[in-house]
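# Geometric and topological summary
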Amino acid sequence: QNRTFDEGWNWFSSYVDLSTSVGLSKLQTALGTSGTQIKSQVYNQFAVYMNGEWKHPADFTSLYKDKMYMIKVSEPIAAEDFVIEGNILDYKTISIVLGNGWNWISYPLKESVEVNEALANLTPKENDIIKGYGDNVVSTYFVNPNNPSEGQWWPSITLEPGQGYMYKSNVNAEVEFTYSAGSGKSGRALYSTANNHWAPSKSQYATNMTLIAMLSI
């Protein structure tokens, strides 16, 4: 697996199996001396690079297949400089578990897939949100008012290999799903970044804010 990292914070998941006892070590080796922090939504899964070595809880040795990890680097890393070798995950066997509220989830596919296709096996609730690292990588699920059994993620975004995502679930229970690489569903982006008034530094902070507004004309 190869991918780029911006200086600062990045959202990461892998399509290579890092759930083995050397999974964390593989990631740290790939980051080299540029990595400074790794953290997870899972309790006691964090690592800090200091005084020339990684320090982390003794039982944190592997990465969950279904989780996203936030990684901070001290300088940009080019794709050719970040290399992880290992077995490719079978995404069809990986259940993503969503609890009520925000979830840090992985995207264990090697291919880029449009959000309506990727989440075709999930039955979302209205106003569920999925968002990624970067500008305009956020989509909300809207139910068809004429047919509540149908809905669509809008605006359309593309889920990318190596990236991690946050998912806000409005279901008051745990929900499980597996990703789909293609279902026939599709969407289209109906927004533009041409006249943005703000240019946030996406890697300066570990998290970001989602704003959904209604415009009355």
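Residues numbered from 1 in each chain as written. Predicted model: local features only at pLDDT ≥ 70, side-chain atom pairs only at ≥ 80, totals over all residues. Heavy atoms only, no water.

The subject of this paragraph is the overall build of the protein. The secondary structure content of the protein amounts to two helices and 14 strands. Counting only residues that meet the buried cut, the protein has 41% of its 217 residues in that class. Pairs at least 24 residues apart make up 76% of the contacts formed inside the protein by residues separated by at least 6 positions. (Helix = DSSP H or I, 4+ residues; strand = E, 2+ residues; numbered from the N terminus. Buried < 20%, exposed > 50% of the residue type's maximum accessible area, 1.4 Å probe, protein only. Contact = heavy atoms within 4.5 Å.)

Moving on, we get to the pairing of strand β3 (residues 46-50). Pairing geometry for strand β2 (residues 35-40) and β3, over three bridges, is antiparallel. When the bridges of β3 are listed, Lys39 appears paired with Phe46. In sequence, β2 turns back onto β3 through a hairpin of five residues, with Asn44 there showing a positive phi of about 70°. Taken together, the three bridges between β3 and strand β4 (residues 53-55) define a ladder with antiparallel strand orientation. Note that in β4 the partner of Tyr49 across the bridge is Trp54. The hairpin formed by β3 and β4 contains two residues between the paired strands, and Asn51 there has a positive phi angle of roughly 55°. (Pairing = 2+ DSSP bridges.)

Within the open sheet, the five strands sit side by side as β1-β5-β2-β3-β4. Their pairing is antiparallel. Two strands bound the open sheet, and with one partner strand each, they are β1 (8-12) and β4. Ignoring strand direction, the axes of neighbouring strands in this sheet form an average angle of 20°. Sitting on the sheet, helix α1 (residues 23-31) is in contact with β1, β2, β3, β4 and β5 (69-73), with an inclination near 145° to β2. (Axes fitted to C-alpha atoms, helices over the stretch in contact; angles between N-to-C directions.)

Enumeration over the complete set of coordinates arrives at 10 aromatic pairs. Within the aromatic cluster, the residues linked to one another by ring pairs are Tyr107, Tyr165, Phe177 and Tyr179. Taking the ring centre of Phe5 as reference, the NZ or CZ of Arg3 above it sits at 4.2 Å. For the cation-ring pair, Lys39 lies above Trp9, with the distance from its terminal atom to the ring centre recorded as 4.8 Å. (Phe/Tyr/Trp six-rings, centres within 6.5 Å; stacked < 30°, edge-to-face > 60°. Lys NZ or Arg CZ within 6 Å of the ring centre and 35° of its normal.)

Quick look at the pattern of salt bridges now. Taken as a whole and judged by the stated rule, the model has two salt bridges. Among the salt bridges present, the one from Lys55 reaches Glu53, with a minimum N-O distance of 2.8 Å. Exposure remark for Lys55: the relative accessible area of 35% places this residue in the partly exposed category. One salt bridge in this structure joins Lys67 and Asp66, with 3.9 Å as the shortest N-O distance. (Salt bridge = Lys/Arg side-chain N within 4 Å of Asp/Glu carboxyl O.)

Moving on to the pairing of strand β7 (residues 101-105). In terms of residue burial, β7 counts as a mostly covered element, since four of its five residues are buried. Taken together, the five bridges between β7 and strand β13 (residues 165-169) define a ladder with antiparallel strand orientation. Within the sheet, the bridge partner assigned to Trp102 lies in β13 and is Lys168.

With 24 residues, the main nonpolar core has Leu98, Ile105, Leu119, Ile130, Leu159, Tyr167 and Tyr179 as its most contacted residues. Where this core is concerned, the elements lending two or more residues are β6 (96-98), α2 (115-118), β13 and β14 (175-177). By size, the runner-up hydrophobic cluster in this structure holds 20 residues, among which are Leu27, Leu31, Ile71 and Ile84. (Core = buried A, V, L, I, M, F, W, Y, C linked by side-chain atoms within 4.5 Å.)

All right, on to the sheet that holds strand β9 (residues 129-132) then. With antiparallel pairing, the five strands of this open sheet are ordered in space as β7-β13-β9-β10-β11. Here the strands that pair on one side only, and so sit at the sheet edges, are β7 and β11 (147-154). For this sheet, the mean angle separating the axes of adjacent strands, direction not counted, is 20°. Note that β9 and β13 share four bridges and pair antiparallel. By the bridge assignment, Gly132 is partnered in β13 with Tyr165.

Taken as a whole and judged by the stated rule, the model has one cavity of 30 Å³ or more. As a volume, the largest cavity reaches approximately 70 Å³. Along the wall of the largest cavity there are 14 residues; nearest its centre are Ser14, Leu18, Leu63, Tyr64 and Lys65. Across the lining of the largest cavity, the residue classes break down as seven nonpolar, four polar and three charged. (1 Å grid on protein atoms, 1.4 Å probe; cavity = no way out; pocket = protein on both sides within 12 Å on 5 of 7 lines; lining within 4 Å. Points joined across faces, edges and corners; volume = space filled by probe spheres on them. Nonpolar A, V, L, I, M, F, W, Y, C, P; charged D, E, K, R; others polar.)

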